[in-house]
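Descriptive analysis of the structure
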Amino acid sequence: MIEHLDLILEKYNKLEAELTKAEVLSDVKKTREYSKQISSMSDVVACYKKYKKVLTDIENTKEMEKDLELAEMAKEELTNLLDEKTKLESQLELLLIPKDPNDDKNVIVEIRGAAGGDEANIFAGDLFRMYTRYAEKKGFTYKVYNAVEGAAGGYSQIEFIIKGKGAYSLLKYESGSHRVQRVPVTESNGRIQTSTATVLVMPEADDNLEIEINPNDLRIDIYRSSGNGGQGVNTTDSAVRITHLPTGIVVTCQNERSQIQNREQAFRVLKSRLYDLEEQEREEKEGKERRSKIGTGDRAEKIRTYNYPQNRVTDHRIGYTTKNLDRIMDGDLDDLLNALSQEDQKRKLSGEED
C-alpha cells in the first residue's frame, strides 16, 4: 500500500508543479485536465501526509522514551499516536478503493407495482414519495418522465430522474424487490397483506458516454399523452415510446410539453438502460465484482421489507433493521443508505485482499 501511495504523491506533486508553468496555464484544456486529476487525488494525498507525519512522530516519541524524565509522558503520547496510525490506515484503505465512475451522476429510478394488485401500486406510490422526499432533503431536484396511475391510487409504474451531484452514489443500492406488510386500505377484514413493488436504479447517461444505437434497431411510436404534464399536454400527439428491438427494452416519455422534448428524454433514458445492461453483462463475465456487490441489482431480488404493524424496516442483504419505518417513508434514508455503503466498502476491501 505504501508503494502505491508514494506513486500517487509523486504524481500529485508533479501535476502541481506543471500547473505553475505558463505554457500549461495558457492551455485551458490541459489546465482543466490537470486540475481534475489533482482534485481526484487530494483526499488520498492529504490523508497520506497526515499518516507520514504520524509515523515520524512515533519514531521521535520512541526516542523520548529512552529519557527517564520523559518516559511516562512519551508512553501516553505513543499510545495516542498508534491509535491515530490505525485510524489513518483504515481511512487510506477506503480512499484507495477504486471509485465508481458513475457515483457523481444523476440517477434514473423506475418503480413498478408488482405482486398484490391495487395495494402493490399504492406501495409503489409510497416508495416514490419516499425517494422524492429524500431527494428534497438532500437539495436535489427530480422530474417524472412517465407515470401510469393505479386504479386505487399510487402507480402501476412511475419513472423519474433525480438530479444532483452524487445522487447515484447514494441510491445505487436500491434496485430490487421491496416488500410491504400492512393492512391495505382496500382490505375490509383488517388482515395484514404482503405486497411488493420493484425498483430499478441506473446512472443517467451523459453526453460523453459512448453507446451506439442503430436507428434500424428502434421502433418509435407517437401517441397522445395520458398523464399529468401541464396545460395542453393531452391536446397533441406528444408522447413517445421507443422500443429497442434487439433487447426488448421499452422506454416511454410523456410528461414533457412537446414531442421533441419527450423524444430527447426517451433517447437519454434508453441510452442509460443500454449502458446498465452492458455493465451487468460485463460484471457477469468478470464474476467477482458482482458477487462482492450488495445484491445483484436484479428487480426480482428481495432486498427489503417494510413492516407497518411493527414500524420496522429490514434490509435483508446486510441484516440491517430499524424501528423507524415512519421516518424512513418520510425520506429519512441517511442511516440506512450509509449502512449499505459501509458494508459495500468492507466487501470491496475483503475482495481486494482475496
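Described in the following lines is the structure provided in the data block. (Residues numbered from 1 in each chain as written. Predicted model: local features only at pLDDT ≥ 70, side-chain atom pairs only at ≥ 80, totals over all residues. Heavy atoms only, no water.)

Considerations on the overall build of the protein chain
Let me state the cut-off plainly: Helix and strand labels come from DSSP, where a helix needs a run of H or I of at least four residues and a strand needs a run of E of at least two; each type is numbered from the N terminus. What makes two residues a contact is simply this: any of their non-hydrogen atoms within 4.5 Å. For the area figures, the Shrake-Rupley method with a 1.4 Å probe applies, and any residue is considered shielded solely by the protein chains shown.
Secondary structure assignment for the protein chain yields ten helices and eleven strands. In the protein chain, once contacts between residues fewer than 6 apart in sequence are set aside, the share between residues at least 24 apart is 63%. A total accessible area of about 19500 Å² is found for the protein chain, and carbon and sulfur atoms account for 47% of it.

Brief notes about the sheet that holds strand 6 (residues 218-223)
Stated precisely, the cut-off is as follows: Two strands qualify as a pair provided that DSSP identifies no fewer than 2 bridges between them. The convention used is that axes are lines fitted to C-alpha atoms, helices contributing only their stretch in contact, and that angles between N-to-C directions extend from 0 to 180 degrees.
Ordered by their spatial adjacency, three strands build an open sheet running 6-7-8, and the pairing between neighbours is antiparallel. The outermost strands of the open sheet, each flanked by one partner alone, are strand 6 and strand 8 (249-253). Pairwise comparison of adjacent strand axes, ignoring direction, gives a mean angle of 15 degrees for this sheet. Pairing of strand 7 (residues 239-244) with strand 8, which is carried by five bridges, proceeds in the antiparallel orientation. Directly across from I242, in strand 8, lies its bridge partner V251.

Topic: unusual backbone geometry
For N311, which is not glycine, the phi dihedral falls at a positive 50 degrees. Position of N311 relative to the elements: it lies in the loop between strand 9 (302-307) and strand 10 (312-315).

With respect to the nonpolar core
Just so we agree on the cut-off: Nonpolar core, defined: a set of buried Ala, Val, Leu, Ile, Met, Phe, Trp, Tyr and Cys residues in which side-chain atoms within 4.5 Å join the residues together. Only protein chains enter the accessibility calculation, which uses a 1.4 Å probe; a residue is then buried when its area is under 20% of its type maximum, exposed when over 50%, and partly exposed in between.
In terms of nonpolar packing, the biggest core is built from 35 residues, with I111, L127, Y131, F160, I162 and Y306 touching the most fellow members. Contributing elements (two or more residues each) for this core: strand 1 (107-113), helix 5 (118-137), strand 2 (141-149), strand 3 (155-163), helix 6 (167-171), strand 5 (193-203), helix 9 (325-329) and helix 10 (334-353). For this core, the element with the highest residue contribution is helix 5, accounting for eight residues. Beyond its immediate chain neighbours, meaning those up to four positions away, F160 contacts V107, I108, V109, I111, F128, Y131, T132, K143, V144 and Y145. Membership of the second largest hydrophobic core comes to 22 residues, among which are Y34, Y48, I58 and L81.

Let's talk about the pairing of strand 3
Within strand 3, seven of the nine residues are buried, which leaves the element mostly enclosed by the surrounding structure. As defined by bridge partners, strand 1 adjoins strand 3 across six bridges and the pair is classed as antiparallel. Among the inter-strand pairings, I108 is bridged to a residue of strand 3, identified as I161. For strand 2 and strand 3, the ladder comprises eight bridges, and the chain directions are antiparallel. If you follow K143 over to strand 3, its bridge partner there is I161.

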